[in-house]
Amino acid sequence: MQAIIARNGLETPEPVTAEVQGSVPSWLQGTLLRNGPGLFSVGDSEYNHWFDGLSLIHSFTFSNGEVTYRSKYLKSETYKRNIKADRIVVSEFGTMIYPDPCKNIFSRAMTHFRNIIPDFTDNNLINIIRYGQDYYASSEVNYINQVDPSTLETVGRVNYRNHIALNLATAHPHYDKEGNTYNMGTAIIGLGRPKYIIFKVPGATSDKDPKKPALRKVQQICSVPFRSTLYPSYFHSFGMTENYVVFVEQPFKLDIVKLATAYFRGVNWGSCLKFDEKDDTFFHVINIKTGKANSLRYHADALVVFHHINAYEDDGHVVFDIIAYKDSNLYNMFYLHNMTKETDNFIEANQVFSPPVCQRFVLPLNVQKDSPKGTNLVTLTDTTAQALKQEDGSIYCKPETIFEGMELPGINYDFNARKYRYFYGSRLEWSPHPNKIAKVDIVTKTHIEWMQENCYPSEPVFVASPGAVEEDDGVILSSIVSSDPSISPFLLILDAKTFKEIARASIPVPVHMDLHGLFIPDSVK
């Protein structure tokens, strides 16, 4: 594992045909498009953190039982500047870069000036997202890069700030049945008080002219002010039901003063995130149609969350499931000096690692003023989650634990914002890089797994069978890499009901480890 974690990836710009064992379902027609870090050194310079690596996008295309593979580096401005200089010249969140001392004094001064207020990298390595009918490589900054899902060519860069006042935005939006995209961002610098922004991009907004991006029709739904102006909450994703957005304002915070001075203090931007274990976690429930927040104050004990699983409404309650941690140590585990340690040393050094726990929170939407203090306001019978009214009128929420040791969750997206039963994810045990994927039954609290020795699967992606009625009627797709040189990388296809292998497509070229992505059916290309 240590040998492949920070290995520079290779481009495969033209499609290559995979060798299929088993039988690819004839109905599986489309492209699995995935994103992740692929280049960890340029020239003699190296990145410090796994999340800093330059974006390498790859795709698995399914057509008439065959599978083809290709990969290309995202040709971001960051990529082009680094390659031209033959060294890393653009800072990332875990790697702060300083000007070449060989530059003239004017060039060095301009580099310093640009870092007074960070203009973040456009190395969009986290996910592939959709606005309108356009697809973008995305991270959590103000830039996204449009990509052609067929050729993987980089079409061009879009700046959120040209369309809506945002400094940061998530790489995990939500999509409704009409094709609209909902997302959240943070406005730190601009007019008015700093705030979180919830926005919508209508589905019918694309234009063949790249100068008319789908974001030109963006609509702000509402804003939520920071609880603390200088310490906004970090958020990687959010929840959405049919009528509400669920935003978790967690005590994992970005220190704005430290962020603005990080360059001059000789520290990276990632070090400006701090977990305040003494603070509470707050839940905001915002009506999507009116933009109004529920007036009730929901809170819970301190936690850290990166990924939401799903959220839905049930008999006057909002139910939402997240992957929660007791602290923020996960980010530090991904520094490459950690990730490249031998297994025993890695385990020894990370014994304090807080394991991921799938937790269910239930928020009652309508609470009577005369409701007794201290009683559980949750009336649902299928959960042990509690919501207790406090003396000050706030609602203290205690979660139900559903499962431990799972990350990178995914569902049948037809059940997004609906009551559901199953989710899929990557099992995390000794390492933040999984060697198993699993299916969890929320009702029975049981799970089934797939694993193969020395193999490391990517986030599992569910694709529903045509006309499927049952929630788990479909297949699971996962890109597999191996530390065993005798095992070629392969695309795994599992029956989502049984988790039995249907087929695997061995790729005759190197494949890198990735983060997130999505499946694009041929019917919507």
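Rules behind the numbers
Residues numbered from 1 in each chain as written. Predicted model: local features only at pLDDT ≥ 70, side-chain atom pairs only at ≥ 80, totals over all residues. Heavy atoms only, no water. Buried < 20%, exposed > 50% of the residue type's maximum accessible area, 1.4 Å probe, protein only. Helix = DSSP H or I, 4+ residues; strand = E, 2+ residues; numbered from the N terminus. Arc of directions from axis to C-beta. Contact = heavy atoms within 4.5 Å. Pairing = 2+ DSSP bridges. Polar contact = N/O pair within 3.5 Å; in protein donor to acceptor, adjacent residues only side chain to side chain. Core = buried A, V, L, I, M, F, W, Y, C linked by side-chain atoms within 4.5 Å. Salt bridge = Lys/Arg side-chain N within 4 Å of Asp/Glu carboxyl O.

J.: An account of helix α2 (residues 77–85) is requested, with residue identities and associated values reported.
T.: Restricting attention to buried positions, one finds in α2 the residues T78, Y79 and N82. The buried residues of α2 occupy one face: seen down the axis, they fall within an arc of 100°. Residues of α2 that are buried in the fold lie against β4 (37–39), β5 (41–42), β7 (54–63) and β8 (66–73).

J.: Can you lay out the pairing of strand β25 (residues 317–325) for me, pointing to particular residues and giving the numbers?
T.: Of all the nine residues making up β25, nine are buried; the element is thus mostly covered by neighbouring parts of the structure. Of the two faces of β25, the one lined by H317, V319, D321, I323 and Y325 and the one lined by V318, F320, I322 and A324 are each fully buried. Alignment of strand β24 (residues 304–314) against β25, held across nine bridges, turns out to be antiparallel. If you follow A311 over to β25, its bridge partner there is F320. Linking β24 back to β25 in an antiparallel pair, the connection comprises two residues, with D315 at a positive phi of about 50°. Across eight bridges, β25 lies against strand β26 (residues 357–364) in antiparallel orientation. Opposite V318, over in β26, you have L363 as the bridge partner.

J.: Account for the environment of H49, naming residues and giving values.
T.: With respect to the secondary-structure elements, H49 resides in the loop between β6 (45–46) and β7. Accessibility expressed as a relative area gives 0% for H49, which makes it buried. Placed 289 residues apart in sequence, H49 and N338 show a C-alpha to C-alpha distance of 9.2 Å. Residues within four places of H49 in sequence aside, it is in contact with G94, T95, Y331, F334, Y335 and L336. Among the polar contacts listed, one links the side chain of H49 to the backbone nitrogen of F51, at a separation of 3.0 Å. There is a polar contact of 2.8 Å between the side chain of H49 and the backbone oxygen of Y331.

J.: Can you tell me about the nonpolar core, naming the residues and giving the values?
T.: Judged by nonpolar contacts, the single largest core of 112 residues is most densely connected at F62, F320 and L477. In terms of residue count, β25 provides more of this core than any other element does, seven residues in total. Once residues lying within four places of it in the same chain are set aside, the contact partners of L477 are L28, L32, F62, E459, P460, V461, V463, L491, L492, I493 and F519. With 17 residues, the next largest nonpolar core counts Y160, F199, A214 and V218 among its residues.

J.: Tell me about the pattern of salt bridges, and please be specific about residues and values.
T.: One pass over the structure, following the stated rule, counts 24 salt bridges. The residue K445 makes a salt bridge to E400 at a minimum N-O spacing of 2.7 Å. A residue pair is termed long-range when its members are at least 10 positions apart, and K445 in the loop between β32 (436–441) and β33 (446–451) and E400 in strand β29 (residues 400–404) qualify at 45 residues. For K445, a relative accessible area of 36% translates into the label partly exposed. What emerges from the salt-bridge pattern is a single network uniting R227, E249, K253, D276 and D279.

J.: Tell me about unusual backbone geometry, and please be specific about residues and values.
T.: One non-glycine residue, L152, lies in the positive phi region at around 70°. Topologically, L152 is positioned in the loop between β11 (143–147) and β12 (154–159). Classification of L152 by relative accessible area gives buried; the value is 2%. Its identity as a non-glycine residue notwithstanding, D315 has a phi of 50°, on the positive side. Mapped onto the secondary structure, D315 falls in the loop between β24 and β25.

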